[in-house]
Amino acid sequence: MMSDTITTPHRLSLTPSRAARELGLKRGELDLAVHLGLIRTVPDEGGGGRRVPRTEIERVRTGEGFPESLQHRVQVVGTTEGADVMGVPAGRFTRLARLGLVVPVKWYLNRYRAVVWLYLAEELKQFVADEKDAPLLNARRMPEGPRGLLDAGLDLRPRNWRGRHRGFLLRLAEDPWESAGALAAFLDPVQIAEIVPDPYERSHLNRFRPGPPDSGAPGSPASLIAERIMTADAPDEISLLRADLAAVLEEARERRPAPRPTAKRAPTSTHPAHVGSPGPKQPEWPEQRERTEQPGRPDEPQPPRGLLSRFRRRGRRATTT
């Protein structure tokens, strides 16, 4: 009976790798579909990450145009391919991305440790189809306002990616502590320490704070780049994150306070002299012990014995002399 209880959830769900094969996707494409909310996942009761329910596999399979429709929705392109999709030079495409007009959905580091941004091909096609965006695509030069922002160094690609990734993490959160961890993932430790000064709460919060994807070994150059991309840097972005985190933490504390170490009780002595004794034991004269061992009538005097009796005999002799 116990083994059935443990294995039944696994029979009703698949690992991400197996689910990707069932749906005709690459593993990265399945992860992106989950991020976009196209495929629902559930926690693995054994603590092994998330799994895809079989019912979800069947739902996606019966969708119109499967599998091509699903594959098109998770197709990503880099700068060169994205420019081709939009029919603009690569330089124009990069400027549109830096202005935040097209939003990256993924990124990775190439062998030169340069950040390569990836975009949903479907979203780029929608941008081209919108007539109000035609001047940005067809004008010989960028309008003066956007051009001034670009000249000042504006680059909204990291921030826009953080916004998308934050939405994904919040969708997966199933209680306020997980939501708080998702928000804290985009703040540096100094900001978190200011918002959560209690060390026990901060330690509990960090359990739910995910790191950046594809971050590499801790302390490595790739890890440092990933942390920089993951961490909010604009004052208004930081302010909004801090306010949201403080609000979610209030709910988390009310729902389930962070665990704290319990105070240890002083050890109870098991020495025979103290077990069951309400206080220090009073001294007992040998005479008292003998009377207890050889009880007589209350009005019947007992002959004096022992050391105390010798003192008494000596005292009587001194009196009669």
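Provided above is the structure to which this section pertains.
It should be emphasised that the depicted structure is a prediction, and the values quoted were computed from it without experimental measurement. (Residues numbered from 1 in each chain as written. Predicted model: local features only at pLDDT ≥ 70, side-chain atom pairs only at ≥ 80, totals over all residues. Heavy atoms only, no water.)

## Structural notes on the environment of Ala 226
Rules: By the criteria applied, helices consist of DSSP H or I runs no shorter than four residues and strands consist of E runs no shorter than two, each listed in order from the N terminus. Contacts: residue pairs with any heavy atoms within 4.5 Å of one another.
When you line up the elements, Ala 226 lands in helix α15 (residues 221–230). With sequence-adjacent residues up to four places away left out, Ala 226 is seen in contact with Trp 107, Pro 212 and Ser 215.

## Considerations on the pairing of strand β6 (residues 115–120)
Stated formally: The pairing criterion for strands is at least two bridges between them, as found by DSSP.
Alignment of strand β4 (residues 76–77) against β6, held across 2 bridges, turns out to be antiparallel. Its bridge partner being in β6, Val 76 is matched across the sheet by Leu 120. Where strand β5 (residues 106–109) lies against β6, 4 bridges are found, and the strand directions are antiparallel. Counted as the bridge partner of Trp 107 is Trp 117 from β6. Linking β5 back to β6 in an antiparallel pair, the connection comprises 5 residues, with Arg 113 at a positive phi of about 60°.

## A look at the packing of aromatic side chains
Defined as follows: Aromatic pairs are defined between Phe, Tyr and Trp rings, using the six-membered ring for Trp, whenever the two ring centres lie within 6.5 Å; interplanar angles under 30 degrees are classed as stacked, those over 60 as edge-to-face, and all others as tilted. Categorising residues by exposure relies on relative accessible area from a 1.4 Å probe, with only protein chains included: less than 20% of the type maximum marks a residue as buried, more than 50% marks it as exposed, and the intermediate range marks it as partly exposed.
With the rule as written, the count across this model stands at 2 aromatic pairs. Ring centres of Trp 107 and Trp 161 lie 6.0 Å apart, and the angle between their planes is 80°; this geometry places the pair in the edge-to-face category. Of this pair, Trp 107 sits in strand β5 while Trp 161 sits in helix α11 (residues 157–172), and the two are 54 residues apart along the sequence. Taking the relative accessible area as the measure of exposure, Trp 161 reaches 3% and is therefore buried.

## A short note on the packing of helix α6 (residues 79–86) against helix α7 (residues 90–98)
This is how the line gets drawn: Axis lines are fitted to C-alpha atoms, over the contacting stretch for helices. Their N-to-C directions set the angle, which ranges from 0 to 180 degrees. Angles are sorted into four bins: roughly parallel if under 35 degrees, roughly antiparallel if over 145, roughly perpendicular if 65 to 115, and oblique for all others.
Running from N to C, α6 and α7 cross one another at 100°; their axes reach a closest spacing of 8 Å. In this view, α6 runs roughly perpendicular relative to α7, as classed from their interaxial angle. Seen from α6, the contacting residues are Thr 79, Gly 82, Ala 83 and Met 86; seen from α7, they are Ala 90, Phe 93, Thr 94 and Leu 96.

## Quick notes on the nonpolar core
Soluble globular proteins tend to bury their nonpolar side chains together. Put simply, the rule reads: Nonpolar cores were defined as sets of buried Ala, Val, Leu, Ile, Met, Phe, Trp, Tyr and Cys residues, with membership established by side-chain atoms within 4.5 Å.
Ile 39, Met 86, Phe 93, Val 102, Leu 205, Leu 245 and Leu 249 are the most contacted members of the largest nonpolar core, which has 64 residues in total. A per-element tally of this core places helix α16 (residues 235–255) first, with 6 residues. Setting aside residues no more than four positions away along its own chain, Leu 205 makes contact with Trp 177, Ala 180, Gly 181, Ala 184, Ile 192, Val 196 and Leu 249.

## Examining unusual backbone geometry
In this chain, Phe 66 is followed by Pro 67 through a cis amide linkage whose omega measures 5°. In this structure, Pro 67 sits in the loop between α4 (54–61) and α5 (68–73). Positive phi, close to 60°, is recorded for Arg 113, a residue that is not glycine. Position of Arg 113 relative to the elements: it lies in the loop between β5 and β6. The exposed category is assigned to Arg 113, whose relative accessible area is 51%.

## As for the pattern of salt bridges
To be explicit about the condition: Salt bridges are defined by distance alone: a side-chain nitrogen of Lys or Arg within 4 Å of a carboxyl oxygen of Asp or Glu.
Inspection of every chain in the model, using the stated rule, returns 18 salt bridges. Notably, a salt bridge pairs Arg 255 with Glu 251, separated by 3.3 Å at the nearest N-O pair. Taken together, the residues Arg 255 and Glu 251, both in helix α16 and 4 residues apart, mark about one turn of the helix. When its relative accessible area of 54% is taken as the criterion, Arg 255 is described as exposed. Residue Glu 251 is classed as partly exposed on the basis of its relative accessible area of 40%. Shared partners join several salt bridges into a network, and the residues in it are Arg 18, Glu 22, Glu 58 and Arg 61.

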